[in-house]
Structures are given as structure tokens and as C-alpha cells.
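Coordinates in review
Read off the chains here:
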Amino acid sequence: MGVAGIFKFILRRVFELFVVAALLVLIPNLPPYAQFSQPYSVSPAQPFTGKLSLNDRLDAVEIWHKGDFVGPEAFADLDNSLYTSLYNGDIVKLTGEHITPVVKFGKPCKGSYEERICGRPLGLQFDQKDQLYAIDAYYGIFRVNVQSGSGKPGQRNGGFYGGMSILGKKERLVGPQVEIEGRRPKIFNSLAVAKNGDVFWTDSSTDFTLDDGLFTLLADPTGRLIHYNAKTKENRVLLDNLLFANGVALSEDETFAIVAETGRSRIHRVYINGPKTGSSIFLDGLPGLPDNLKSDGMGGFLVPLVLGRDADYPVLIQSIGPFPKLRKAAARFMGISQYVLRKIDQYYPNDVCLNAVHTIGHFSSTPKLLATSRVTLLRVNRDGQITDSVHNLNGKIESISEMHVLGDTLYLGSPFNDYIGRIPLAKLGWEDLKKEKRPKRSPTVESAKPTTTTTKPTTTTPKPTTTTTPKHTTTTPKPTTTTPKPTTTTPKATTAAPTTKKPATTTPPPTKPPTTPTTKQTPPQVKQQTQTPPPVKQQAKQPTQTPPVKQETKTPPPVKQQTQAPPPVKQQAQTPPPVKQQTQTPPPEKQQQRKQAAPVKEQPKAAPQKQKVEL
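This section reports on the structure supplied with the text. (Residues numbered from 1 in each chain as written. Predicted model: local features only at pLDDT ≥ 70, side-chain atom pairs only at ≥ 80, totals over all residues. Heavy atoms only, no water.)

Look at the link from Pro31 to Pro32: it is a cis peptide, with omega at 0°. Positive phi outside glycine occurs at Glu254, with the angle close to 60°. Position of Glu254 among the secondary structure elements: in the loop between β14 (245–250) and β15 (256–261). (Helix = DSSP H or I, 4+ residues; strand = E, 2+ residues; numbered from the N terminus.)

Here it is, written out as C-alpha cells:
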């Protein structure tokens with residue numbers, strides 16, 4: 001075959017492709033079902049000069065948690081622990097090398113090709129009350145109490161990869177079924193939480209879900225910036241028609257928000273408070289695709305470029321932006337391929353076809369095909385000016401989606417990597433971003449523990465009193481026979497707690513001081529063994545204060561006076577005299593029991609029958 005033959009072969013193939021493309025464009029009702037009518041253009045990338053000059057300051061980055069998980073895209077921190085969202089739908093807490101599952105919004109799934117079942121958290125942020133706000137691409141916006149839950153760190157009792165919360169109780173604020181100005185969100189992407197609890201979040205597309213993310217860059221833009229009002233629980237669109245709306249961040253004074261339009265490599269500013277209104281271009285011509293945006297804590301912003309671009313390495317999809325027919329043909333070719341693979345799986349179920357469908361539409365197939373391996377991270381001030389940039393040119397890291405400062409370290413996340421990058425701020429020359437480690441803020445959890453421990457002494461205090469009573473009852477045979485049966489009537493004694501106060505009203509006019517303490521002590525010994533702590537306190541206070549009224553006014557709150565429990569224990573040695581009085585005066589006990597039976601109807605029936613049987 002000569003040169004002429006090769007030229008003819010190429011022409012034929014080009015003609016065939018043209019015919020196929022024409023058919024794909026002209027035949028109606030072919031997938032995907034979206035609009036392809038609006039041409040769009042992308043501003044040229046800014047040159048690498050000045051603040052954008054290339055450098056190797058990112059070459060010293062450390063690879064952390066290599067192979068422990070996939071896709072740690074977003075970060076948040078609490079109590080000096082780092083939280084991140086993973087590709088399988090989990091949110092985990094990283095404490096050193098230890099990984100603790102926190103919450104999962106999706107359901108158990110087989111693999112990454114079932115991402116819409118697994119769920120995919122893309123944005124995280126803690127509010128001022130230490131509540132974690134998380135946004136899942138498929139399931140919506142959630143508020144999570146990371147301090148709650150019954151699981152233990154490291155457990156996998158159905159939560160880690162299991163679709164249930166282990167440590168976090170979750171509440172959904174916005175779901176995928178809600179219509180916002182006539183359209184339902186399909187890709188919940190990023191969020192920023194204001195001080196008053198309002199949430200500013202992005203909906204990347206109303207046509208496609210995240211597993212078909214590539215289609216969003218081919219179809220007409222439908223991304224939106226939305227404001228969720230925490231008081232009214234209503235959503236309002238602030239900015240529309242964005243080509244894959246992505247990261248969002250608030251200024252320090254919360255007068256405006258910035259939002260990344262990833263498909264066109266630019267950032268918008270929207271005024272939300274103050275005298276200024278409307279929106280404007282904040283930063284354009286970025287040398288890459290911006291992803292998650294964050295405040296740097298110094299009045300500026302951190303802007304990672306998940307994919308790089310420049311004059312030598314343009315992004316292919318951006319290159320065909322001005323040609324909607326060509327974009328439509330490419331999208332339909334991909335859509336028909338997915339349709340055929342799904343039909344094959346429908347009749348012959350297999351994971352190969354499902355993985356192929358996922359690969360065709362998902363962003364995970366783009367990094368090595370559409371962009372350079374250069375990694376660029378930017379610092380931008382509130383006026384939209386680049387103040388500094390750091391780069392990695394040796395391919396050690398790639399596809400960085402978020403920068404997060406914790407202590408004196410910068411952490412780097414990615415939707416595709418199986419590791420987290422981290423580097424000291426000093427090596428970047430960003431020491432001004434250093435944040436002092438805050439003390440752990442868990443007083444509410446720790447305060448609950450003392451309350452549980454205080455109940456334990458109350459349960460232990462009756463045990464020594466019950467052990468002392470059988471020793472005294474063993475001296476006389478009759479009390480020993482009566483003690484086991486009142487234990488069966490202890491539940492009634494607890495309901496008859498007010499009867500202990502009534503003897504106080506009957507005993508103020510005592511004629512014989514020795515007999516009055518016996519009458520007061522014997523009822524709780526016969527009927528209420530569980531309430532023995534009050535008689536112990538009374539016996540300890542009898543030698544100091546003879547009037548019983550003051551003694552009983554202190555007995556109702558036995559839990560509060562736990563600190564007075566040790567003195568009664570020491571003075572139990574003085575109890576033998578009352579024991580002798582109890583054995584000498586059985587008749588008064590019966591008389592007083594009959595007097596006390598008048599106000600309570602249930603107890604006199606049970607008590608006299610048991611006493612008759614014993615006698």
C-alpha cells in the first residue's frame with residue numbers, strides 16, 4: 001500500500017465517522033436525554049509567571065495512609081482529629097494511623113460501579129456546635145452528631161461498609177426528591193455553613209447523576225448555587241446555568257460566597273449580605289479545573305486545581321465546548337454504548353458490563369486521558385487575586401481536590417487517589433496559616449459519666465444496710481421469718497414512699513422517747529428493705545437531735561446527700577440498742593402498722609395476712 005492508499009484509507013475512516021456522528025445527532029430520542037444547544041467557551045489559561053511561576057515546593061509532600069482507602073476527597077477536623085469522605089460512601093475519622101468509621105448515608109453495595117447505592121460524600125464542615133454537615137452526591141445534605149451513637153471506634157457492626165451509622169446520628173436536611181424552582185438536584189456537590197446555620201450548597205447538574213458526570217460537561221450547563229434557610233427550611237437558587245457547579249466557600253465576614261464553575265475553569269462571587277447584591281466573575285482563566293474551595297482563615301481562600309490545563313495540555317471537553325453538535329454526537333455515542341452494555345447485563349448479568357458502564361460516564365476515567373500530570377494549588381485573596389501558588393511536577397501526587405489546614409500541616413485530598421498527601425506548612429512558606437491545636441471539646445460527654453457513677457453509689461449503699469439488718473434479725477427468730485417476705489413486697493413499698501412521711505405526722509407528740517425511734521425504724525425494716533438508708537440516717541442523728549421531724553425532712557432526697565453516707569456507716573455501731581428495743585416491742589409495731597394501713601389501701605391487705613401466717 002502506497003502513500004495514496006494510506007491517504008484513501010484515512011479519508012474513508014473519517015467519512016465513516018462523520019456519517020456515524022451525523023446519525024447520532026439527527027436520530028431523535030437517543031440517550032442521553034439532555035439539551036445540547038448552547039455553545040460555550042473557556043478563557044485561556046493564565047501564563048505561569050509572577051505568582052503562578054512553576055516551582056517544586058510540593059515535591060516534599062508525604063504519602064499518608066497509602067492503600068487504606070480510596071477517594072479521600074473532603075476534610076473537616078474536630079478535637080484535632082481529621083475527618084474525611086471516601087469513595088465507598090463512608091465518612092471516617094483519622095486519629096494518627098487509626099481509622100474510625102463515623103457515618104454512612106448509602107446502603108451496602110458490591111463495588112464502585114454501584115456508587116449510586118453506596119453513596120458518595122463530597123463535602124464536610126463542622127459548625128460552631130460541633131455538628132458535622134455532610135453532603136452526599138446521591139442522598140442529599142445531612143447533619144450528623146459525631147459524639148452520639150452506640151458503636152465503639154473500630155467496630156464494624158453493620159456501619160462500616162454496612163449502611164448504618166456507628167458513631168453518628170444523622171438528620172437529613174435536603175433530599176434528592178425535593179424540587180427547587182421546578183427542578184430536582186441530581187448531584188449534591190459541596191457546601192458551606194454560615195454562623196447562623198444556613199447552608200450554601202451546589203447542585204452540579206439537574207440532568208445527570210455523579211456516575212455520569214462526564215455528560216454534564218458535554219450537555220448544556222444546569223449547575224446551581226443554592227441557599228438553604230435553616231429557619232424556614234426552604235431552598236432558593238442564587239446562581240444558575242453553571243457548567244458543573246462545584247466548591248463553595250464563604251468570606252470571613254460572610255458578605256459574599258464564591259463558587260467554582262469547574263467546566264469553565266473559573267470562580268464566581270455572589271453577594272449574600274450587606275449593601276452589594278448580584279454576582280460577578282471572581283477569578284477566571286485558571287490553569288486547571290477548580291474543585292473544593294475553602295477559607296484559609298486569613299481572609300483569603302484555598303483553591304486546588306483537580307486537573308491541570310495549559311496551552312500545551314488543553315482539556316479535550318473544553319476544546320469542543322463551542323460546538324454543541326459535536327458535543328451531542330460524543331455524548332450520544334457514550335450513551336448508546338452504555339445502553340447496549342446495560343441490555344447485555346439485563347439478559348446475562350455480569351460485573352464486567354456494569355464496570356464498563358461506570359467507566360464510560362464517570363470522572364475516574366478522565367485524569368490520565370484529558371490533562372497533564374502537573375498539580376497546582378493556589379492561595380487567593382478576597383479580591384480575587386492569586387497571592388501564591390505551589391506545584392508538583394514529578395507526578396508524586398495527582399488530582400488534588402481539597403486543601404485542609406490542621407495544626408501546622410496541610411492535608412491534600414483526592415476523589416481518585418488511595419492515599420492522603422500531607423506536608424508541613426513551613427516547607428510551603430505558608431506558616432501564617434498555622435492553626436493552634438484546640439483542646440478537646442467534649443465536656444457534655446464527660447459530664448454524663450459522673451451522673452452514671454452517682455447512681456452506682458445509690459445502688460451500693462442499700463447493700464450494706466441490708467447486710468446489717470439480717471445480722472440483727474438473726475438474734476431474734478421472729479424478725480428473721482418476717483424479713484424474707486417483705487422482700488417480695490418491695491415493689492409496693494416503692495410506690496408507698498409517701499407513707500414514710502405520714503409516720504412523721506403521727507409521731508410529733510411522742511410520750512416516750514425510746515419507743516418513738518423504734519416505731520419509726522421498724523416499718524421500713526419490715527416493709528421497705530430497699531429504703532433502709534433513711535433509718536440509718538435517723539439512727540445516726542438520734543443522739544444529736546431528738547425531734548424526728550427535722551430528720552425526715554432531709555431523708556427524701558437520699559441521692560443528693562450521698563456525701564453524708566459515710567457518717568451513718570461509722571455510727572452503725574450504735575444501732576444495737578434500737579435492735580433490743582425492736583425485739584422488746586413487737587406489739588407497738590402491729591398497732592402502728594394498723595394505723596398506717598388507713599391511708600394506704602393496698603399495703604394493709606398484704607401486711608396483716610403475711611404477719612398472721614408467720615405467727
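Turning next to the nonpolar core. Grouped together as the largest cluster of nonpolar side chains are 36 residues, with contacts concentrated most on Ile91, Phe105, Leu132 and Val146. If you list the elements that add at least two residues to this core, you get β2 (75–78), β5 (98–104), β6 (121–126), β7 (132–136), β8 (140–145), α3 (213–218) and α5 (324–347). Core analysis: the second largest hydrophobic core is formed by 18 residues, Leu58, Val405, Tyr419 and Leu428 among them. (Core = buried A, V, L, I, M, F, W, Y, C linked by side-chain atoms within 4.5 Å. Buried < 20%, exposed > 50% of the residue type's maximum accessible area, 1.4 Å probe, protein only.)

Residue position: Glu73 is located in the loop between β1 (62–64) and β2. For Glu73, a relative accessible area of 6% puts it in the buried group. Contact partners of Glu73, with chain neighbours within four places excluded, come to Thr84, Ser85, Arg120, Leu122, Asp291, Asn292, Ser401, Glu402, Gly413, Ser414 and Pro415. (Contact = heavy atoms within 4.5 Å.)

The next point concerns the packing of aromatic side chains. According to the stated counting rule, one finds 10 aromatic pairs in the structure shown. For the ring pair Phe105 and Phe142, a centre distance of 4.1 Å and an interplane angle of 15° mean the geometry is stacked. Pair noted here: Phe105 is in the loop between β5 and α2 (115–118) and Phe142 is in strand β8, with a separation of 37 residues, a long-range link. Accessibility classification places Phe105 together with Phe142 in one group, the buried group. Joined through ring pairs, the aromatic side chains of Phe256, Tyr271, Phe282 and Phe301 make up one cluster. The positively charged end of Arg269 is found above the aromatic ring belonging to Phe256, 5.0 Å away from the centroid. Its guanidinium or amino end placed over the ring of Trp430, Arg379 lies 5.5 Å from that ring's centre, counting from NZ or CZ. (Phe/Tyr/Trp six-rings, centres within 6.5 Å; stacked < 30°, edge-to-face > 60°. Lys NZ or Arg CZ within 6 Å of the ring centre and 35° of its normal.)

Okay, the pairing of strand β11 (residues 199–203) next. Counting buried positions over the five residues of β11 gives five, a clear majority of the element. Both faces of β11 are covered, namely the face carrying Val199, Trp201 and Asp203 and the face carrying Phe200 and Thr202. Sheet topology places strand β10 (residues 188–193) next to β11; four bridges connect them, and they run antiparallel. Of the residues in β11, the one forming a bridge with Phe188 is Asp203. (Pairing = 2+ DSSP bridges.)

The strand order β10-β11-β12-β13 describes an open sheet built from four strands, whose pairing is antiparallel. Two strands bound the open sheet, and with one partner strand each, they are β10 and β13 (235–242). The average undirected angle you get between the axes of adjacent strands in this sheet is 20°. Summarising the sheet, strand β12 (residues 223–228) and β13 pair through five bridges and their orientation is antiparallel. Within the sheet, the bridge partner assigned to Leu225 lies in β13 and is Leu239. (Axes fitted to C-alpha atoms, helices over the stretch in contact; angles between N-to-C directions.)

Scope: geometric values only; no functional claims are made or implied.
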